[in-house]
Amino acid sequence: MKVEILDENPDIDGAHGFEKRINEFIKDKQVIDIKYQSNCSGYADSGVHATDYERSVLIMYEED
């Protein structure tokens, strides 16, 4: 069994690019499991508010 961890990169992936990268990665592999994680964090400093989103996926697979 092998594993691969992919992180979303909004600058490169665009709206549905993360899903496309995942599908491209797994197309020639025997997938055992996929674990998805999403994180949203917010902060405020001197009246400036911001939110940060992170998405990642752990793919467990066998090579065909």
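Heads up: the structure comes first, above all this text.
Basis of the calculations
Residues numbered from 1 in each chain as written. Predicted model: local features only at pLDDT ≥ 70, side-chain atom pairs only at ≥ 80, totals over all residues. Heavy atoms only, no water. Buried < 20%, exposed > 50% of the residue type's maximum accessible area, 1.4 Å probe, protein only. Helix = DSSP H or I, 4+ residues; strand = E, 2+ residues; numbered from the N terminus. Arc of directions from axis to C-beta. Contact = heavy atoms within 4.5 Å. Salt bridge = Lys/Arg side-chain N within 4 Å of Asp/Glu carboxyl O. Pairing = 2+ DSSP bridges. Axes fitted to C-alpha atoms, helices over the stretch in contact; angles between N-to-C directions.

Enquirer: Any details on helix α2 (residues 17–26)? Residues and values, ideally.
Expert: Turning to α2, its buried residues are Gly 17, Phe 18, Ile 22, Phe 25 and Ile 26. Projected down its long axis, α2 shows its buried positions confined to an angular sector of 165 degrees, all on one face. In this fold, the buried residues of α2 make contact with β1 (2–7), α1 (10–13), β2 (29–45) and β3 (48–63).

Enquirer: Describe in detail the pattern of salt bridges, supporting the description with residues and values.
Expert: Applying the stated rule across the entire model yields 7 salt bridges. We note a salt bridge from Glu 63 to Lys 2, for which the minimum N-O separation is 3.0 Å. Of this pair, Glu 63 sits in strand β3 while Lys 2 is found in strand β1, placing the two residues 61 residues apart along the sequence. Look at Glu 63 and you get partly exposed, because its relative accessible area is 46%. Between Lys 35 and Asp 33 there is a salt bridge, with its nearest N and O atoms 2.9 Å apart. The class for Asp 33 is partly exposed, based on a relative accessible area of 27%.

Enquirer: Provide a residue-level description of the sheet that holds β3, including the pertinent values.
Expert: Taken in spatial order, the 3 strands line up as β1-β3-β2 in an open sheet, and their pairing is antiparallel. Taken across any chain shown, the strands that pair with only one partner, and hence form the sheet edges, are β1 and β2. On average, adjacent strands in this sheet sit at an angle of 15 degrees to one another, irrespective of strand direction. Across the sheet, α2 lies against β1, β2 and β3, angled at about 15 degrees from β3, the strand it touches most.

Function cannot be inferred from these measures alone, as they are strictly geometric.
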